[in-house]
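Structure at a glance
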Amino acid sequence: RDYEFTGQTRTGRVVKLLLSAVDVAFDRRHYIVVSGMDITGRKQAEEKLKKSEAMLARAQEIAHIGHWERDIPSQKVLWSDETYRIFGFKPQECEISEPLFLEHIHPDDQKLVKKNIRDAIESGRSLDDEFRIVRSDGVIRWIRGKGEVTTAEDGTPVQLFGTILDITERKEAENQLRESEEKYRILVERADDGIILVQDAVMKYVNPRMAELLGTTVEEITGSPIADYIDPIDVEKVTGR
């Protein structure tokens with residue numbers, strides 16, 4: 001049997017020891033043979049690794065970014081705790097497989113995700129995609145997935161490793177911005193007042209009402225110097241040139 005315990009040398013140094021005990025029968029008597037090994041370095045390395053893994057898990061949870069890996073020959077898939085959370089699962093609550101992963105990709109994005117994974121494995125190119133997932137609770141989230149292919153010495157792909165980041169808030173903000181810009185565009189185009197956007201004395205945007213006031217069309221006037229439509233007497237007053 002093996003036992004681990006903490007010991008202390010005569011100099012006061014604390015050491016971790018691994019003792020192995022074996023029962024031995026000899027000359028009708030029973031003995032216990034004990035061998036020992038100093039595993040202080042190994043235990044320190046294990047503690048550092050545990051601390052590093054805990055810090056990584058905490059960092060992923062704070063940043064809402066997870067990592068994953070897929071062994072290509074065996075098709076075995078591993079997720080970090082945060083990846084489970086992003087998909088709506090409790091950490092390590094179920095075994096992950098490619099079919100289970102694809103099951104939680106939004107139906108409209110499944111074809112693209114499958115194609116990109118297949119292309120990455122076949123060509124060795126990196127993955128960098130944005131797609132929707134359907135969490136285990138039915139909530140739809142936007143994800144950015146990035147990945148790299150690892151190959152064997154002969155070039156055979158053996159592993160996919162990557163990260164996923166929940167970008168739902170960013171996508172929602174982008175959609176809101178687009179909707180706001182569209183509403184503003186409609187408002188400006190239908191305005192009763194003429195409106196011009198000028199940059200470097202060039203008309204970058206002209207609404208239909210302004211084009212009408214100037215007796216031209218939006219297509220014709222857009223991109224023209226504003227001075228072309230101002231009386232020469234007033235050019236300096238308007239443009240400052």
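Note that this is a predicted model, so its numbers are computed, not measured.

Definitions and limits used
Residues numbered from 1 in each chain as written. Predicted model: local features only at pLDDT ≥ 70, side-chain atom pairs only at ≥ 80, totals over all residues. Heavy atoms only, no water. Phe/Tyr/Trp six-rings, centres within 6.5 Å; stacked < 30°, edge-to-face > 60°. Buried < 20%, exposed > 50% of the residue type's maximum accessible area, 1.4 Å probe, protein only. Lys NZ or Arg CZ within 6 Å of the ring centre and 35° of its normal. Pairing = 2+ DSSP bridges. Helix = DSSP H or I, 4+ residues; strand = E, 2+ residues; numbered from the N terminus. Axes fitted to C-alpha atoms, helices over the stretch in contact; angles between N-to-C directions. Contact = heavy atoms within 4.5 Å. Core = buried A, V, L, I, M, F, W, Y, C linked by side-chain atoms within 4.5 Å. Salt bridge = Lys/Arg side-chain N within 4 Å of Asp/Glu carboxyl O. Expected span 1.5 Å × (residues − 1). Patch = residues over 30% accessible without salt bridge, like charges linked within 9 Å, V, L, I, M, F, W, Y side chains within 5 Å. Areas by Shrake-Rupley, 256 points an atom, 1.4 Å probe, with all protein chains shown as cover. pLDDT = per-residue confidence, 0-100.

With that settled, the discussion passes to the packing of aromatic side chains. This structure, assessed with the given rule, holds five aromatic pairs. Pairing W79 with Y84 gives two aromatic rings, centres 5.4 Å apart and planes at 75°, and the pair type is edge-to-face. Grouping residues by exposure puts W79 and Y84 together as buried. Aromatic rings pair up to connect W79, Y84, F87, F89 and F101 into one cluster. The cationic tip of K171 hangs over the ring face of W142; the distance from NZ or CZ to the ring centre is 4.4 Å.

The next subject is the sheet that holds strand 6 (residues 127-134). On the basis of which strands lie adjacent, the open sheet formed by five strands has the order 5-4-8-7-6 and antiparallel pairing. Strands at the two margins of the open sheet, each flanked by one partner only, are strand 5 (76-79) and strand 6. For this sheet, the mean inter-axis angle between neighbouring strands, taken without regard to orientation, is 25°. Running over the sheet, helix 4 (residues 107-123) touches strand 4 (65-71), strand 6, strand 7 (140-151) and strand 8 (157-166) and is turned about 150° from strand 6. Taken strand by strand, helix 5 (residues 168-189) contacts strand 6, strand 7 and strand 8, and its axis lies near 125° from that of strand 7.

Nonpolar side chains in soluble globular proteins generally cluster together in the buried interior. Formed by 24 residues in total, the largest nonpolar core has its most connected members in W79, F87, F101 and L160. Looking at this core, the elements that each hand over two or more residues are strand 5, helix 2 (81-86), helix 3 (98-103), helix 4, strand 6, strand 7 and strand 8. The greatest single-element share of this core, amounting to four residues, is contributed by helix 4. Setting aside anything within four residues of it in sequence, one finds W79 in contact with H67, W68, Y84, F87, F89, Q92, I96 and F101.

Assignment of secondary structure puts G147 in strand 7. Excluding residues that lie within four positions of it along the chain, G147 makes contacts with W68, S126, L127, F161 and G162.

Applying the stated criterion across every chain yields a total of 15 salt bridges. In this structure, R170 and E174 form a salt bridge, with 3.1 Å as the shortest nitrogen-oxygen distance. Remark: E174 and R170 occur in helix 5; sequence separation between them is four residues, near one turn of the helix. A relative accessible area of 35% places R170 in the partly exposed class. Relative accessible area serves as the criterion here: at 28%, E174 is assigned to the partly exposed category.

The next subject is helix 4. Structurally, the α-helix is built with 3.6 residues per turn, so residues lying three or four positions apart point the same way. Its 17 residues place the ends of helix 4 25 Å apart at the C-alpha level, agreeing with the 24 Å of an ideal helix rising 1.5 Å per residue. Of the residues making up helix 4, those classed as buried are D109, V113, N116, I117, D119, A120 and I121. Among the structural elements, strand 4, helix 3, strand 6, strand 7 and strand 8 are those in contact with the buried residues of helix 4. Remark: G124 follows helix 4 within two positions and exhibits a positive phi of approximately 80°.

Turning to a nonpolar patch on the surface, a few remarks are in order. Taken together, the side chains of V22, V24, F26, Y31 and V33 define a hydrophobic patch exposed on the protein surface, amounting to about 450 Å² of accessible area. Secondary structure elements with two or more residues in the nonpolar patch: strand 2 (14-26) and strand 3 (29-38). Broken down by element, the residue count for the nonpolar patch peaks at three residues, all from strand 2. We classify V33 as partly exposed; its relative accessible area is 46%.

Before going further, it helps to examine the confidence of the model for the protein. Detailed reading of the predicted model is not advised wherever pLDDT is low. Averaged over the protein, the pLDDT score is 84; the fraction of residues at 70 or greater is 88%. Considering each helix and strand of the protein separately, the mean pLDDT is smallest for helix 1 (residues 40-63), with a value of 63, and largest for strand 6, with 94.

For the rest of this paragraph, the subject is unusual backbone geometry. As a rule of thumb, non-glycine residues mostly have phi less than zero, and peptide bonds are mostly trans rather than cis. For Q92, which is not glycine, the phi dihedral falls at a positive 60°. By the secondary structure assignment, Q92 is in the loop between helix 2 and helix 3. At D200, a position not held by glycine, the phi torsion is positive, near 55°. Overall, D200 belongs to the exposed group, its relative accessible area being 62%.

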